[in-house]
Amino acid sequence: MQALTNWDSYWVLMSLQVKLQCQKGIPASLRAKCWPLLCGASERMRQNENLYESLDSQPGLQSWVDIIERDLDRQFPFHEMFLSKDGHGQRGLFRVLKAYTQFQPEEGYCQAQGPVAAVLLMNMPAEEAFWCLVQISEQYLPGYYSPLLVILFDAAILSWVLKKTCPAAHKHLQQHGVEPLMFATDWLMCLFTRHLPFNTLLRVWDLFFCYGVSIRCCVLLQVAVVLVRRVLGRAEQRKQCPGQMETLESLRGVREHVQEEEETFIAEVTLKRVSTPCLFIPLTDDAGERQEQQPDASKRFGLFRKLKGEQPKKAKPKKKPKMQVPKILIQDFSDVMPADEPAVQEDAEEKLSSRERRRRRREQERKEKEEEKLRKKKEKEQERERRKPQTRGKSFQGPKEKVTDDPAKTVSQITRNSVSYAESYF
Amino acid sequence: QMGGQNLRKEHLYKVLVIGDLGVGKTSIIRRYVHQTFSSNYRATIGVDFALKVLNWDSETVRLQLWDIAGQERFGNMTRVYYREAMGAFIVFDVTRPTTFEAVIKWKEDLDSKVMLANGQRIATVLLANKCDQGRELSNNGIKMDQFCKDHGFVGWFETSAKDNLNISDAANFLVKHIMATENDILKSVVPDTISPQMDSSRQMSCSGCFK
């Protein structure tokens, strides 16, 4: 456990190993520690000591409380943790969701956050779960749960990705008037909580927490593509879905196509490379070098055992890693810049110590929050204006900002772009 | 259509079920299609679907029920879900007045985003759900009739998904209206000029008419 407190140094030294381990699956006993660490929830918890406690002790806004209470007994009603009304599962869920509406009063509660929070609570204490939910909502899927519904944009992206990666399925969907918004809204917004077998879901979340923030919805889109392929990939499957309803029914029953076979599923997810207009990050030479410097395979997967305090076994014969790891996932995205960034900045940034970087990031986050508030105000005005048709599509082109390699920044920019994209799409 | 006398004429209708969150849209659909009831159906995120097949005299009616998320913030995506609908239920919860106030908002949203091929509004029935829970509307019946008239509903029903009250009656009532409007549309099309260049995106979902 001491190793975990030294996570920072591990993170820098072994981010590659961490990613590979996340791909292999985080041991169940470590998820409670690892998920908050990976998504930055632990950091935020440290920075905001006692905040959750104080939110928790205050009453929430009644209108949100009503909606949340309505949802408590319908998240995983058959899971033992959520069986009884006053059991710690439902109570915890209420407290976490209520605290979020106090933490983000303008945003409030989105019903898709319910199952996400429930799965977090199955894996960790309430305070950690709360900060993970905050990180997911703010950093990983910004705008997903707010009334902006960036999901509209991602549904359009999914359509584009499907066209590139499984054209036959995409054509089938188009022919029958099936749009991703009709089947993937639940998948993406609930992070597959309601459509994957539990063990597979946990493995997908391992990947999501590890890769999700720097390339946003990439992991989610990859999973969605695999699911569509599982349901509609073969010609005879498509033949069995001769219309819109049949196709949608099939997609809704996607769980039948994912049996308890996490390994193959995760392998499939990581092998299907997805590159999307906003997510595409070029592979630099640097990344190639890093890949060659990897330690040999026997050391590579031992990180979590070390963290658990186990001694590495010595005379174990070397095994080939079961699956081929695609380049895009090996890459350490946190250090890679978006394509349109000036190269000069890279050097300067690279020299910064990780602490300094973190400090800057925090500062940036603070700034962003303020900007966000301003932006929200502006958007509200624009929302009003949008009703006039002639202003459509022109909104959200605020002043161009200085580009930095802070992933959070990139994310917020994507959000911004995405809104106008989604606008023009519908 | 090819085939002999025993080939039944088929209608396919897309029907929306909308209304505020927690009013019982999913419960109504489950009751109608699967004859079951549970108090903890999970919240609908985005949209869900069910299909109900009805024997209608000598014809078959396939009802596609689109169960649409009730939380306000999903309103941005309803345009995609409403497309090509022929009829709708707007549901409210008789025990929560705010859900009734929202009915007008839902109706406006519906009428602004979808219409029939002839430009008319789609047939919409108002459902006062959870009527098993005490509050009776029956003495307000005249008021409700007036409300429906004022706001363009073809009718209203007190329903209970729990006790299976009035749900299939309401559905039959809606189907009747959809069929009537469908006939109006067909009549308005001059015979022998069924235009081959009809814009596919505006095509109706009625397979019986255009197959």
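Parameters at a glance
- Within each chain, residues carry numbers counting from 1 in the order of the written sequence.
- Starting at A for chains and at 1 for ligands, labels are handed out in the order in which the entities are written.
- Local features are withheld for residues below a pLDDT of 70 in this predicted model, meaning they are given only at 70 or higher, and side-chain atom pairs are given and counted only at 80 or more; totals for whole chains, interfaces and linings count all residues.
- Where side-chain values are given, they derive from all heavy atoms of the structure, hydrogens and water being excluded.
- UniProt positions are given in the numbering used here, feature names are shortened, and annotations may be inferred rather than shown by experiment.
- Here a strand is any run of E in DSSP of at least two residues, a helix any run of H or I of at least four, and the numbering for each starts at the N terminus.
- Partly exposed residues are those whose accessible area sits between 20% and 50% of the maximum for their type, while under 20% is buried and over 50% is exposed, using a 1.4 Å probe and protein chains only.
- Whether two residues are in contact is decided by their heavy atoms: any pair within 4.5 Å suffices.
- Accessible surface area values rest on a Shrake-Rupley calculation with a 1.4 Å probe, where residue burial reflects the displayed protein chains alone.
- Picture the helix axis, draw a direction to every C-beta atom, and the arc is the one those directions span.
- A carboxyl oxygen of Asp or Glu within 4 Å of a side-chain nitrogen of Lys or Arg is what we treat as a salt bridge.
- For this analysis, a polar contact is any N or O atom pair within 3.5 Å, provided that within protein one partner can donate a hydrogen and the other can accept it, and provided that sequence-adjacent residues contribute only side-chain to side-chain pairs.
- Put simply, Ala, Val, Leu, Ile, Met, Phe, Trp, Tyr, Cys and Pro go in the nonpolar bin, Asp, Glu, Lys and Arg in the charged bin, and everything else, Gly too, in the polar bin.
- In plain words, nonpolar cores are sets of buried Ala, Val, Leu, Ile, Met, Phe, Trp, Tyr and Cys residues tied together by side-chain atoms within 4.5 Å.
- Here the bounds of each domain stem from an automatic or database domain assignment.
- Each aromatic pair joins two rings of Phe, Tyr and Trp (for Trp, the six-membered one) with centres within 6.5 Å, and gets the label stacked for planes under 30 degrees apart, edge-to-face for over 60, and tilted for any other angle.
- By convention, the term buried area covers the 1.4 Å-probe accessible surface removed from two parts as they join, with the contributions of both added.
- For two strands to count as paired, DSSP must find a minimum of two bridges between them.
- Lines are fitted to the C-alpha atoms to define the axes, a helix being fitted only along its stretch in contact, and any angle between axes, read from their N-to-C directions, falls within 0 to 180 degrees.

In the nomenclature of an unreviewed UniProt entry, chain B corresponds to Ras-related protein Rab from the organism Xiphophorus couchianus. Its UniProt record gives chain B a comment under Sequence similarities (unreviewed entry), which states: "Belongs to the small GTPase superfamily. Rab family."

Where an unreviewed UniProt entry is consulted, chain A appears under the name Rab-GAP TBC domain-containing protein, with the organism given as Xiphophorus couchianus.

> Quick rundown of the overall build of chain B? Include the residues and the values.
Along the backbone of chain B there are six helices and six strands. Every one of the 211 residues in chain B was classed for burial, and the buried ones make up 51%. Of the contacts formed within chain B by residues at least 6 apart in sequence, a portion of 72% connects residues at least 24 apart. Just so you have it, chain B exposes about 10,300 Å², and 49% of that area is on carbon and sulfur atoms.

> Requested: an account of helix 4 (residues 141-151) of chain B, with residues and values cited.
All names here are of chain B. Along helix 4, the residues that are buried comprise Gly141, Met144, Phe147 and Cys148. Viewed end-on, helix 4 has its buried residues packed into an arc of 115°, placing them on one side of the element. Relative to its buried face, helix 4 has exposed residues pointing more than 90 degrees away, namely Ile142, Lys143, Lys149 and Asp150. The inward-facing, buried residues of helix 4 abut strand 4 (87-93), helix 3 (97-113), strand 5 (123-129) and strand 6 (155-158). Looking one or two residues beyond helix 4, the residue adopting positive phi is Gly152, at roughly 75°.

> Can you break down the interface of chain A and chain B residue by residue, with the values?
Interfaces are often sized by the amount of accessible area the parts lose when they come together. Counting residues at the interface gives 36 residues for chain A, matched by 27 residues for chain B. Remark: the boundary between chain A and chain B carries two salt bridges. At the boundary of chain A with chain B, the tally comes to 13 residue pairs in polar contact (both at pLDDT 80 or more). Sorting the residues of the side of chain A that touches chain B by element identifies helix 6 (62-72), helix 10 (151-165), helix 12 (180-189) and helix 16 (244-252) of chain A as the ones contributing at least two each. Top contributing element to the side of chain A that touches chain B by residue count: helix 16 of chain A, with six residues. Here the residues of the side of chain A that touches chain B sort into 19 nonpolar, six polar and 11 charged.

> Hey, could you go over the nonpolar core for me, with residue numbers and the actual values?
All names here are of chain A. Judged by nonpolar contacts, the single largest core of 165 residues is most densely connected at Leu120 and Phe192. Considering every element that reaches this core, the biggest residue donor is helix 14 (residues 218-232), with 11 residues. Of the domains in this structure, domain 1 (25-140) and domain 2 (151-288) are the two that each give at least three residues to this core.

> So what's going on with the packing of aromatic side chains? Which residues, and what values?
All names here are of chain A. Taken as a whole and judged by the stated rule, the model has 18 aromatic pairs over all chains. Ring centres of Tyr140 and Phe209 lie 6.0 Å apart, and the angle between their planes is 75°; this geometry places the pair in the edge-to-face category. Of this pair, Tyr140 sits in helix 9 (residues 126-140) while Phe209 is found in helix 13 (residues 198-211), placing the two residues 69 residues apart along the sequence. Judged by relative accessible area, Tyr140 falls into the buried class, the value being 0%. Residue classification places Phe209 among the buried positions, given a relative accessible area of 1%. With 5.8 Å between their ring centres and 55° between their planes, Phe208 and Phe209 make a pair best called tilted.

> Go over the domain arrangement of chain A, please, and point to the residues and values.
Residue and element names in this part refer to chain A. We note that the domain assignment places domain 1 (25-140) and domain 2 (151-288) within chain A. Spacing between the C-alpha centres of domain 1 and domain 2 amounts to 26 Å. The partner domain 2 presents 17 residues to the 18 residues of domain 1 that form the contact. Roughly 1,600 Å² of surface becomes buried between domain 1 and domain 2 when both sides are summed, with 76% attributable to carbon and sulfur atoms. At the boundary of domain 1 and domain 2, one finds one salt bridge. In this structure, Arg31 engages Asp206 in a salt bridge whose closest nitrogen and oxygen atoms are separated by 2.9 Å. Across the contact surface, domain 1 and domain 2 share four residue pairs in polar contact (both at pLDDT 80 or more). For the side of domain 1 that touches domain 2, the secondary structure elements donating two or more residues are helix 3 (31-39), helix 8 (113-123) and helix 9. The element contributing the most residues to the side of domain 1 that touches domain 2 is helix 8, with six residues. Considered class by class, the residues forming the side of domain 1 that touches domain 2 number 14 nonpolar, three polar and one charged.

> Outline the pattern of salt bridges, supporting the account with residue identities and numerical values.
What the rule picks out here adds up to 20 salt bridges over all chains. Across the salt bridge formed by Arg230(A) and Glu261(A), the nearest N and O atoms sit 2.9 Å from each other. Taken together, the positions of Arg230(A) in helix 14 and Glu261(A) in the loop between helix 16 and helix 17 (262-271) put the pair 31 residues apart, joining distant regions of the chain. With relative accessibility at 14%, the residue Arg230(A) sits in the buried group. Among the salt bridges present, the one from Asp111(B) reaches Lys107(B), with a minimum N-O distance of 2.7 Å.

> Residues and numbers for the sheet that holds strand 4 of chain B, please.
The strand order across the open sheet built from six strands is 2-3-1-4-5-6 (chain B), with neighbouring strands paired in mixed fashion. Of all the strands in the sheet, the pair left with one neighbour each is strand 2 (47-56) and strand 6 of chain B. With direction set aside, neighbouring strand axes in the sheet form an average angle of 25°. Bridge count between strand 5 of chain B and strand 6 of chain B: four bridges; the pairing is parallel. When the bridges of strand 6 of chain B are listed, Ala128(B) appears paired with Glu158(B). Packing of helix 16 of chain A onto the sheet brings it into contact with strand 2 and strand 3 (59-68) of chain B, and relative to strand 2 of chain B it is tilted by some 135°. Running over the sheet, helix 3 of chain B touches strand 1 (9-19), strand 4 and strand 5 of chain B and is turned about 160° from strand 4 of chain B.

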